[in-house]
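Structural characterization, general
So you can see what is in the structure, the chains are spelled out below.
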Amino acid sequence: KKIAKAFSLLMTQLDARSSIMVRKNEDSGTRLPIAFRFPAADNDCDGDGDGAMTTINVPEDSFAAIMSFLKGKEVVKLSLVSKVWLSATRLPVLWERLDYASFGGAINDCGKKLNMTSFLKLLGRPQFANLESLTMPCKVKLGMKSIKQMAQVCPHLKIFDSGYSGHITGSRAKEGDLIEVSERFTSLESFRTDMWNITNHGLSSVASNMGDRLLDFRIRGDTIRKHYLSDDLLRILSQRCPNLKHFSYLIESGYCFDKLYEYSHDLLSGAGLIALVSGCRRLEVVELENSARIVKDSFATILNMVTQEKESASASAGRDARGFALRKIDLKGYPFVIRANPLRIEDQDCGRAALLEDPTSLWCGY
């Protein structure tokens, strides 16, 4: 036990010293181009290793642009090459996004268990000074105090994701915590969550708190706890969030979906979607999966509404600032699709995902 504890302390000290070294390099302006050495084109390799070499100096900003195509784990591996590469991999421009692909290397390094204390220390590193997108890791509990601290170290955060983008195996955010997030992060534009612990009332509070700031709203319904969206939430969005550009509501298909999904609890209908599109004229993308109450006629009404508005705008020299921006409706679990340019409905064979003629019946998605 003593050896294990000493090893943990040693790794903490090494990490702290490396951070100090990076800060000193930044303060003293010692950032230099990254040098790459290759055998010269006219060099005949004879196996003795003494051939002429060509050196190419890559500016640090160009090297950072190359690394921006890598995932967080891969960037962390590059930091092990040398001190110069370590310094380059800690540029804030490379860490504007922190998600599941980054946790294995950027967070759970050295096999440490992640909790809110260590997570806040991570966010306090200089490399995360410009963090804009954050997906909460598993088993990290949110709380009023920790949310306040996160808002202080992440003042530029625009995207907050709690359970929408991946499967959460640990503790899940509570409704009050997510409402607190919408109040504390003043730069927040995108809110994404599952509905395990949050209801329509909580989501309505989030939408009301964010108001004009809300540009992206993505929700994943929960078939186990029977938490689904309702028309009331979409009406609030249409009234309070006029700048909304992206709306997603997914009831994910999976094993035993036909047994877990209950039509009577899913209160989102075509009337709510029509109200959303009518009120949010800047809405560009709508994503829906397995929302059984929204039928084909509702989509036809929306497309007719958008088409008539565009025709009216064309007749008035195309200067109608209130015209619809809707350009894409992505559907899953329906027997039809909506094509773009122009928006139109086309039937398709969805196999097991086909919506039955009786909307109260249950079906399995793909």
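Residues numbered from 1 in each chain as written. Predicted model: local features only at pLDDT ≥ 70, side-chain atom pairs only at ≥ 80, totals over all residues. Heavy atoms only, no water.

1. Thoughts on the confidence of the model for the protein chain
- Looking at the protein chain as a whole, its pLDDT mean stands at 79, while 72% of the residues score no less than 70.
- In this model residues 350-366 is a low-confidence stretch, pLDDT under 50, and it forms 37 contacts with partners more than four residues away in sequence or in other chains. (pLDDT = per-residue confidence, 0-100. Contact = heavy atoms within 4.5 Å.)

2. Remarks on the packing of aromatic side chains
- On inspection of all chains with the given rule, the structure shows eight aromatic pairs.
- Judged by centre distance (5.5 Å) and plane angle (70°), the ring pair of Trp95 and Phe128 falls under edge-to-face. With a gap of 33 residues between them, Trp95 in the loop between α4 (83-89) and β3 (97-98) and Phe128 in the loop between α6 (116-123) and β4 (133-135) connect regions that are remote in the sequence.
- Residue class for Trp95 comes out buried when judged on its relative accessible area of 3%.
- Measuring from centroid to centroid gives 5.6 Å for Tyr334 and Phe336, while their planes differ by 55°, and the two rings are tilted. (Phe/Tyr/Trp six-rings, centres within 6.5 Å; stacked < 30°, edge-to-face > 60°. Helix = DSSP H or I, 4+ residues; strand = E, 2+ residues; numbered from the N terminus. Buried < 20%, exposed > 50% of the residue type's maximum accessible area, 1.4 Å probe, protein only.)

3. Brief notes about helix α10 (residues 231-240)
- Of all the residues in α10, the buried ones are Asp231, Leu233, Leu234, Leu237 and Ser238. Seen along its axis, α10 keeps its buried residues to an arc of 160°; they face one direction. Away from its buried face, by an angle of more than 90 degrees, α10 presents the exposed residues Asp232 and Gln239.
- Looking at the packing, one finds that the buried side of α10 touches α9 (200-210), β7 (216-220), β8 (246-250) and α12 (270-279). (Arc of directions from axis to C-beta.)

4. A look at helix α7 (residues 144-153)
- Every buried residue of α7 is listed here: Ser146, Ile147, Met150 and Ala151. The buried residues of α7 all sit within an arc of 140° when viewed along its axis, so they share a single face. Exposed side chains of α7 directed beyond 90 degrees from the buried face belong to Lys145 and Gln152.

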